Amino acid sequence: MVGLADLNGDEITELLDRAVEFRRLADERALPSPLAGATVGNLFFENSTRTRNSFRLAAKRLGAETVEFTEVGSSVAKGETVADTVRTIEALGVDLMVIRHGSPGVPHRLREFVTSGLLNAGDGTHEHPTQALIDLLSLRDAFSQEGTGESLAGKTVTVVGDILHSRVARSNIHGLRALGARVLVCGPSTLLPRQLPGAEFFTDLDAALAQSDAVNLLRVQFERQRGAFFPSPAEYYRLFGMTQTRLTRSGRDPWVLAPGPINRGIELSSEVADGPRSLILKQVANGVFIRMACLATLMEARR
Ligand code: CP
């Protein structure tokens with residue numbers, strides 16, 4: 001799977017249901033080994049804490065061996081290209097490859113010559129499909145827990161922040177729309193793209209919050225920004241930072257997601273990050289089961 005945009009609502013729901021089943025089996029200490037005998041290559045050309053570790057745990061807990069590649073410390077420093085690095089890892093004998101790269105479209109390009117199964121772990125500003133699946137599952141869990149049913153149909157989710165540079169935003173919007181949710185995007189006008197099919201645009205966070213059942217707070221991606229998109233982090237926090245006061249004022253008590261990593265005091269306050277409506281660590285925990293579902297499904301498709 002190189003993009004969530006390739007999947008329709010039924011296919012997304014199947015992956016979420018499969019993740020839930022793996023979670024149940026893990027709780028019962030009865031996980032099967034659908035990846036026994038397989039080798040998964042984890043290729044991270046960009047930094048990661050959550051995605052890399054959860055893919056590795058998911059693969060190992062389902063019986064696979066893993067090959068771990070991070071650009072730091074690799075032969076990329078000696079001039080090896082991405083394509084040659086990938087061919088080299090594939091020649092070690094991997095069945096599935098997980099790849100993160102800072103340039104949009106790298107997984108799609110690799111599909112032209114890689115024979116192992118490919119999973120996109122984030123390509124530049126383009127897509128982060130497994131993160132979107134995690135966010136969808138975490139929302140389903142939360143709505144189910146509060147008794148409004150696990151369906152996302154008819155729910156309103158606001159994606160807040162640096163939409164322009166966010167691969168999470170693009171995958172989230174597709175996934176949420178495919179499951180019937182209404183999607184608002186909110187941020188400084190300089191960080192909103194001109195067009196984003198399926199999303200409604202807001203620059204007033206309080207107006208968006210007044211309609212929201214959940215908010216997904218994106219990290220300000222300083223490393224991808226070429227130029228000053230807002231006057232200062234303090235100004236960003238004043239206008240777009242999620243605080244308890246702002247949540248309470250909305251009268252909605254929305255669930256709070258953040259794909260992470262989070263910047264406390266820029267995207268949100270510690271009170272919100274660690275508060276009762278925060279799903280942040282539940283998202284991390286769900287990451288292992290979503291990645292199990294993706295790895296097992298891809299492996300089955302190849303056998
Ligand atoms: N959400 C996410 O992709 O986090 P990492 O960069 O830590 O993997």
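As the structure is a computational prediction, the values presented were derived from the model and not from experiment.

Thoughts on the UniProt feature "binding site: carbamoyl phosphate" (unreviewed entry) in the protein
- As recorded in UniProt, the sites labelled "binding site: carbamoyl phosphate" (unreviewed entry) are Arg50, Thr51, Arg100, His128, Gln131, Gly260 and Pro261.
- Structurally, arginine 100 can be placed in strand 3 (residues 96-101).
- Among the residues examined, arginine 100 registers a relative accessible area of 6% and is labelled buried.
- With residues up to four places along the chain from it excluded, the contact list for arginine 100 reads Leu43, Phe44, Phe45, Glu46, Asn47, Ser48, Thr51, Ala121, Gly122, His128 and Arg167.
- At 2.9 Å, the side chain of arginine 100 forms a polar contact with the backbone oxygen of alanine 121.
- By the secondary structure assignment, glutamine 131 is in helix 5 (residues 129-145).
- For glutamine 131, a relative accessible area of 5% gives the class buried.

Digging into the site of the ligand
- The full set of residues close to the ligand is Ser48, Thr49, Arg50, Thr51, Arg100, His128, Gln131, Pro259 and Gly260.
- Arginine 50 is positioned with one of its backbone polar atoms (N or O) 3.0 Å from an oxygen atom of the ligand.
- Backbone polar atom of proline 259 to a nitrogen atom of the ligand: 2.9 Å apart, as the coordinates give it.
- Relative to its free-state accessible area of 260 Å², the ligand is covered by the protein chains to the extent of 92%.
- Its residues assigned to classes, the shell around the ligand comprises 1 nonpolar, 6 polar and 2 charged.

Brief notes about helix 3 (residues 82-91)
- All buried positions along helix 3 are accounted for by Thr85, Val86, Ile89 and Glu90. What you see down the axis of helix 3 is that its buried residues fit within an arc of 135°, all on one side.
- Lining the buried residues of helix 3 we find strand 1 (39-44), strand 2 (65-70), strand 3 and helix 4 (106-110).
- Among the residues trailing helix 3, glycine 93 stands out with phi positive, at a value near 105°.

The rules we used
- Residues numbered from 1 in each chain as written.
- Predicted model: local features only at pLDDT ≥ 70, side-chain atom pairs only at ≥ 80, totals over all residues.
- Heavy atoms only, no water.
- UniProt positions renumbered as here; feature names shortened; annotations may be inferred.
- Helix = DSSP H or I, 4+ residues; strand = E, 2+ residues; numbered from the N terminus.
- Buried < 20%, exposed > 50% of the residue type's maximum accessible area, 1.4 Å probe, protein only.
- Contact = heavy atoms within 4.5 Å.
- Polar contact = N/O pair within 3.5 Å; in protein donor to acceptor, adjacent residues only side chain to side chain.
- Near = heavy atom within 4 Å.
- Areas by Shrake-Rupley, 256 points an atom, 1.4 Å probe, with all protein chains shown as cover.
- Nonpolar A, V, L, I, M, F, W, Y, C, P; charged D, E, K, R; others polar.
- Arc of directions from axis to C-beta.

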